[in-house]
Amino acid sequence: MFPWIEAFNARVASLSFFPIIASIHKRHGQKLLSLVCLLPLLGSVAEGLMGQLGARPWFRAMGEMGEIALAMLIACLAITPLVQAFDWKFLYPWRRTFGLFAFFYAILHVLARAMDLGLDLGAIMEGMFTNPFLLTGFLAFLVMVPLAVTSTKKMMATLGGKRWRLLHKLTYVAAILAIAHALMAGKAGYINFLPQAVILAILLLWRLVYPTLRKAMQKPQG
Amino acid sequence: MAGAVAGVGVSAGRASAMPAFLERLLGRGGSREGGSALPVDTQTSYEDVTTYNNFYEFGLGKGDPAKHAGRMVTRPWHVEVSGEVAHPGIYAVDDLVPPRDVVERIYRMRCVEAWSMVIPWNGVPLGDIIRRLKPTSKAKFVAFETLYDPEQMPGQKSPVLDWPYAEGLRMDEAMHPLTLISTGLYGKDLLNQNGAPLRLVVPWKYGFKNIKSIVRMHFMETRPETAWEKSAPHEYGFYANVNPDVDHPRWSQKREHRIGEFGQRPTLMFNGYGEEVASLYTGMDLARSF
């Protein structure tokens, strides 16, 4: 989009070791990325096994898993703007990985909460549909289910690209619900998740602004 | 009133065959042992009492106060007494809270975030302190303030609350024999993360009423504004009595997680101190005056 980015990309592509990196990425990129995405879970499990999760281990684990789920969702939504701004098309397949891991960590978040509440169904369900804090979290989780289910190539083919893309715009809804949920967590409220909220707002605004931006950038070149 | 004034059936922590990490994750269990209708209250470990804290002056994380509070200098320490009182002035801690008057009180502590502990405090009943200061007939409330010093309390550099931390009690609450100014716990001097050198303990109210590291007591005729009330008046009230029937707008207050146990236990009205304190609130609508 910007001339200096083209120059930068060309420079990187001309580096001597670039073909090696590119080929590793092509053959193992997804596996490596998945391993990286598993690291936060391994970290929490290690903390748990060492008794380092503190006085309320399940509550802490719930918070950690929720934060990672939100981070994965943000990473997923960052891909398209990064490709559009920097022309890094190699990032596209990362979107699905981040999206699936967001769902994976959301499941762990829900399970940790169930453990925190002593697997007491009454306590788990209380306020789920009436309390905005719980309801937004529950809906964010619910919205991610069809996205995860239709994440395979086969489902994409079955649905057809157009319908699939429309369905996957639900990612925006999931992200908005998730950040609303996060902002309502904690005694002091919004303050804990302000950075995530700002980044998410930028990523969503980008999608509104980008078509106009692209047109404006293309005009001078005829 | 001596030692176990609170009517808490306390049993000491017992040895367990479980590995430490499993005991952490699954709790000590058997909270209803002995066939009693109410779960037994076991003293929370010194480690948990001193490492799981809310003291936003030192950070928002529960482990932050234990990590960062060490830099606070707590001796010498003075408390300014002002307002509607016959003996205003600047008092050294030992003059205001004489060490020879210190008693032990084992109280439940219920945080507004729905977790709780059982803590053996050492301190002096606030009523005894106030009687010596002789409030005037106009004194209807007493307001407290925490130290304000962003150099020692780095959390005060962020605008989470309107610093300094402020709390207050109605005079009859302050004079109630259960209300304590604590200078220690488990027989040791308070650690900074627990609010050294002196902090308030009002066992029938949510933990945030228990203002830490107090530097000011002001007697006044009108109700003082408190830090949490200022920050979110619809969520945190002046009274902040533990009440399972009045939920926090964002979470239930019906149950609580007792630190060290697995799962939840029911929250008791006035944190189980209703027999002693319910009469203070006769005729009040506790859903409105929360």
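A count of helices and strands for chain B gives 8 helices and 14 strands. In terms of overall size, chain B behaves like a compact globule, its C-alpha atoms giving a radius of gyration of 18 Å where 290 residues would be expected to give roughly 19 Å. Considering only C-alpha atoms, chain B reaches an extent of 55 × 45 × 40 Å along its principal axes. Burial statistics for chain B: of 290 residues in total, 55% are counted as buried. A total of about 11,900 Å² of accessible surface is found on chain B, and carbon and sulfur atoms cover 54% of it.

So, on to the interface of chain B and chain A. Listed as interface residues are 31 residues of chain B and, on the opposing side, 27 residues of chain A. In this assembly, chain B packs against chain A so that about 2,300 Å² is buried in total across both faces, 60% of it on carbon and sulfur atoms. Area buried by chain B at its contact with chain A is led by R24(B), L25(B) and R250(B), which between them contribute 27% of it. For the interface between chain B and chain A, the tally reads 2 salt bridges. Across the pair E126(A) and K254(B) runs a salt bridge, and its minimum N-O distance is 3.1 Å. Scanning the region where chain B abuts chain A turns up 8 residue pairs in polar contact (both at pLDDT 80 or more). Contributing elements (two or more residues each) for the side of chain B that touches chain A: α1 (20–26) and β13 (255–258) of chain B. For the side of chain B that touches chain A, a count of residues per class yields 17 nonpolar, 6 polar and 8 charged.

Below, the discussion takes up the nonpolar core. Nonpolar side chains tend toward joint burial in soluble globular proteins. Core analysis: the largest hydrophobic core is formed by 79 residues, its most contacted members being L96(B), F144(B), M217(B) and F219(B). For M217(B), the contacting residues outside a window of four places in its chain are V79(B), E80(B), V81(B), S82(B), L96(B), L126(B), I130(B), L133(B), V142(B), A143(B) and F144(B). Counting 38 residues, the second-largest nonpolar core is a separate cluster that includes L33(A), M72(A), A78(A) and A102(A).

Residues and elements named next belong to chain A. Packing of helix α6 (residues 132–149) against helix α9 (residues 170–183) leaves a shortest axis separation of 8 Å and a crossing angle of 155 degrees. The angle between α6 and α9 falls in the class roughly antiparallel. Remark: the crossing between α6 and α9 carries left-handed chirality. Only L170, T171, V173, A174, L177, A178, A180 and H181 of α9 make contact with α6, whose side of the interface consists of F133, T136, G137, L139, A140, V143, M144, P146 and L147.

Turning to the pairing of strand β7 (residues 141–146) of chain B, a few remarks are in order. All names here are of chain B. Burial runs high along β7: 5 of the 6 residues are buried. Note that β7 and strand β12 (residues 214–220) share 6 bridges and pair antiparallel. Looking across to β12, one finds that F141 is bridged to M220.

Averaged over every residue, the pLDDT of chain B is 92; residues scoring 70 or more account for 91%. Between residues 1–9 of chain B, whose pLDDT stays under 50, and residues either more than four places distant or in other chains, the model counts 20 contacts.

This paragraph deals with the pairing of strand β9 (residues 180–185) of chain B. All names here are of chain B. In terms of residue burial, β9 counts as a mostly covered element, since 6 of its 6 residues are buried. Where strand β6 (residues 115–125) lies against β9, 5 bridges are found, and the strand directions are antiparallel. In the sheet register, P125 faces β9, and the bridge partner there is L180. With 3 bridges connecting them, β9 and strand β11 (residues 199–201) associate as antiparallel partners. Counted as the bridge partner of I181 is L200 from β11. Here β9 folds back onto strand β10 (residues 188–189) in antiparallel fashion, the turn holding 2 residues, of which Y186 has a positive phi close to 55 degrees.

On to the packing of helix α3 (residues 57–86) of chain A against α9(A), then. All names here are of chain A. Look at α3 against α9: their axes get within 10 Å of each other, and the N-to-C directions meet at 145 degrees. Both α3 and α9 take part in a crossing whose hand is left-handed. The residues of α9 that touch α3, namely those facing L70, L73, C76 and L77, are T171, Y172, A174, A175, A178, I179 and A182. Partitioning the contact of α3 with α9 into residue classes produces 10 nonpolar, 1 polar and no charged.

Pairs can form between side chains of opposite charge once their charged atoms are near each other. All names here are of chain B. All told, the structure shown has 26 salt bridges over all chains when counted by the stated rule. Among the ionic pairs, R258 bridges to D41, the shortest N-O distance being 2.6 Å. Of the two residues, R258 is situated in strand β13 and D41 in strand β2 (residues 41–42); the sequence distance between them amounts to 217 residues. Taken as a pair, R258 and D41 share a single burial class, namely buried. Measuring nitrogen to oxygen at the nearest pair gives 2.7 Å for the salt bridge that ties R250 to E235. Residue R250 is found in the loop between α7 (227–231) and β13, and its partner E235 is found in the loop between α7 and β13; the two are separated by 15 residues along the sequence.

All names here are of chain B. Turning to its location among the elements, Q152 is positioned in the loop between β7 and β8 (166–170). One polar contact links the side chain of Q152 to the main-chain amide nitrogen of V73, over a distance of 2.6 Å. Residues in contact with Q152, not counting those within four places in the same chain, are F58, R71, M72, V73 and L147.

The rules behind the values
Residues numbered from 1 in each chain as written. Chains lettered and ligands numbered in written order. Predicted model: local features only at pLDDT ≥ 70, side-chain atom pairs only at ≥ 80, totals over all residues. Heavy atoms only, no water. Helix = DSSP H or I, 4+ residues; strand = E, 2+ residues; numbered from the N terminus. Rg over C-alpha atoms; globule rule 2.2 N^0.38 Å. Buried < 20%, exposed > 50% of the residue type's maximum accessible area, 1.4 Å probe, protein only. Areas by Shrake-Rupley, 256 points an atom, 1.4 Å probe, with all protein chains shown as cover. Contact = heavy atoms within 4.5 Å. Buried area = accessible area lost by both parts, 1.4 Å probe. Salt bridge = Lys/Arg side-chain N within 4 Å of Asp/Glu carboxyl O. Polar contact = N/O pair within 3.5 Å; in protein donor to acceptor, adjacent residues only side chain to side chain. Nonpolar A, V, L, I, M, F, W, Y, C, P; charged D, E, K, R; others polar. Core = buried A, V, L, I, M, F, W, Y, C linked by side-chain atoms within 4.5 Å. Axes fitted to C-alpha atoms, helices over the stretch in contact; angles between N-to-C directions. Parallel < 35°, antiparallel > 145°, perpendicular 65-115°, else oblique. Left-handed = near helix turned anticlockwise from the far one by under 90°. Pairing = 2+ DSSP bridges. pLDDT = per-residue confidence, 0-100.

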